[in-house]
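In case you want the letters, here they are:
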Amino acid sequence: MKGNEQLKYITRGTPAFRKSNFALFVGGFTTFAILYCTQPLMPVLSEEFHISPAVASLSMSLTTMTLAFSMLMMGSLSEAWGRKSIMVFSLFTVSIVMVLTALSPSYHMLLVFRILQGIIMAGLPAIAMAYLGEEIEPNSAGVAMGLYISGNSIGGMGGRIITGMLTDYFNWRTAIIGIGVLGLICSFIFLVLLPRSNNFQPRPLNMGKLIKSLIAHLRNPHLICLYGLAFLFMGSFVTLYNYIGFQLLAPPYSLSYSLVGWIFIVYLVGAFSSVFMGRLVDTYGRHNVMWVVLIVIFLGACITLNDILWVKIFGVAVFTFGFFGGHSIASSWVVSIAENNRAQASSLYLFFYYLGSSISGTIGGVFWTAYGWIGVIGLIMALLLLAVFLTKRLSSIERSC
């Protein structure tokens, strides 16, 4: 490993800093627009293919599940093959597969394409955090990570809004093609703007060392708590967004697909939150800000129980603000703790992150069918109580160090 005096970091205020942040912002936008584009389509898919809400949620859950497992390997491959090349390949290929998904003759075939997307798209989220940790000066890491996460949030928002509008005006197949074409454009921008790695040192691919590295990370109590928080945060977040559409499309709201899609404009508060919380962390420390985040998420979930539409949407916005702040804090925390094999540590974080999305996102369909929106929020509250326990555990570990 190079000594710190030999590392050539990208510093804030330079053209390289602006280019790298914008490239990763665009890359995050593409990945999450593709990942979440079927979320507002779940009611459409449920109706067209005559399936239950829980089965319709598989169009997202299977993608996030395969994404989670694939990221474990992608992070290790990047240690041997390099960061940028894998991220570029991932973005271009998943965009092409997205276009092909629109040709699906059946729901089963659509799920096959979504599984392929989950495997391929892992190349960017598994590596982006490691790239930032290696290339960006440490004092600017919080802001850089926040900007990357904001790209994720805007991509998730944009994917939902675009698919909602295109579905209303055309159909869901046209919507999927539109997302795929947009992904190809963003992939080219990413290829051109992202600086090459200066501090990356390739290592031979060694499965034995990979397994040992993963086990070592899983033995770190700090990381275990953060991985648990990733599972719980993302599980609660996806559960809320998976089924809010079903509620808003049904009476007494009876909103159109376009309007439901535009509800996701509240993702903008997530883009602001990730940067804002990153700056607070640089000033007050991660642990202190994490408690604030938990309170905000709890309040947002409770507010959504109100039947007044604008109040409910306000609750979703508050919930979203807290979630992206928590995700930004936890993800940068993982990179700072993992002094070695950061890509694998980040991959494990995202593995549990998307595992929570897959499991809770589908289980939420059972709660929605049985108990309605109260059941969905009840499941979310249970997850957040576990998050409180893990945050307390983190505090205990820090005091003992």
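Preceding this paragraph is the structure being described.
Treat the numbers as computed from the prediction; the structure is a model and nothing was measured. (Residues numbered from 1 in each chain as written. Predicted model: local features only at pLDDT ≥ 70, side-chain atom pairs only at ≥ 80, totals over all residues. Heavy atoms only, no water.)

1. Regarding the overall build of the protein chain
The helix and strand tally for the protein chain stands at 16 helices and zero strands. Against the 2.2 N^0.38 benchmark of 21 Å for 401 residues, the protein chain shows a C-alpha radius of gyration of 20 Å, consistent with a compact globule. By its C-alpha atoms, the protein chain is 65 × 45 × 40 Å across when sized along the principal axes. In the protein chain, buried positions account for 61% of the 401 residues. Long-range contacts, defined here as pairs at least 24 residues apart, represent 85% of the contacts in the protein chain between residues at least 6 apart. Just so you have it, the protein chain exposes about 15400 Å², and 70% of that area is on carbon and sulfur atoms. Side chains of the protein chain carry 22 positive and 12 negative charges; the gap between the two charge centres is 6 Å. (Helix = DSSP H or I, 4+ residues; strand = E, 2+ residues; numbered from the N terminus. Rg over C-alpha atoms; globule rule 2.2 N^0.38 Å. Buried < 20%, exposed > 50% of the residue type's maximum accessible area, 1.4 Å probe, protein only. Contact = heavy atoms within 4.5 Å. Areas by Shrake-Rupley, 256 points an atom, 1.4 Å probe, with all protein chains shown as cover. Lys, Arg positive; Asp, Glu negative; His and termini not counted. Charge placed at Lys NZ, Arg CZ, Asp CG, Glu CD.)

2. Examining the side chain of T63
Counting through the fold element by element, T63 comes out in helix 4 (residues 58-81). We classify T63 as buried; its relative accessible area is 0%. From its side chain, T63 meets the backbone oxygen of S59 in a polar contact 3.1 Å long. Discounting residues that sit within four places of it in the chain, T63 has contacts with L35, L58, R114, G118 and M121. (Polar contact = N/O pair within 3.5 Å; in protein donor to acceptor, adjacent residues only side chain to side chain.)

3. Observations concerning the packing of helix 5 (residues 83-101) against helix 9 (residues 172-193)
At their nearest, the axes of helix 5 and helix 9 sit 7 Å apart, and the two run at 160° to each other. Looking at the two axes, helix 5 sits roughly antiparallel to helix 9. When the axes of helix 5 and helix 9 are compared, the crossing they make is left-handed. Packed against helix 5, whose contacting residues are K84, M87, V88, L91, F92, S95, I96, M98, V99 and T101, the element helix 9 presents I176, I177, I179, G180, V181, G183, L184, S187, F188, F190 and L191 at the interface. Along the lines of polarity and charge, the residues of the contact of helix 5 with helix 9 split into 15 nonpolar, five polar and one charged. (Axes fitted to C-alpha atoms, helices over the stretch in contact; angles between N-to-C directions. Parallel < 35°, antiparallel > 145°, perpendicular 65-115°, else oblique. Left-handed = near helix turned anticlockwise from the far one by under 90°. Nonpolar A, V, L, I, M, F, W, Y, C, P; charged D, E, K, R; others polar.)

4. Concerning the nonpolar core
Counting 132 residues, the largest nonpolar core has L24, M87, Y148, F190, F237, Y349 and Y354 as its most contacted members. Sorting elements by how many residues they give to this core places helix 16 (residues 342-400) first, with 20 residues. Those residues in contact with Y349 that lie beyond four places of it in its chain are M129, L226, Y227, A230, H327, A330, S331 and V334. (Core = buried A, V, L, I, M, F, W, Y, C linked by side-chain atoms within 4.5 Å.)

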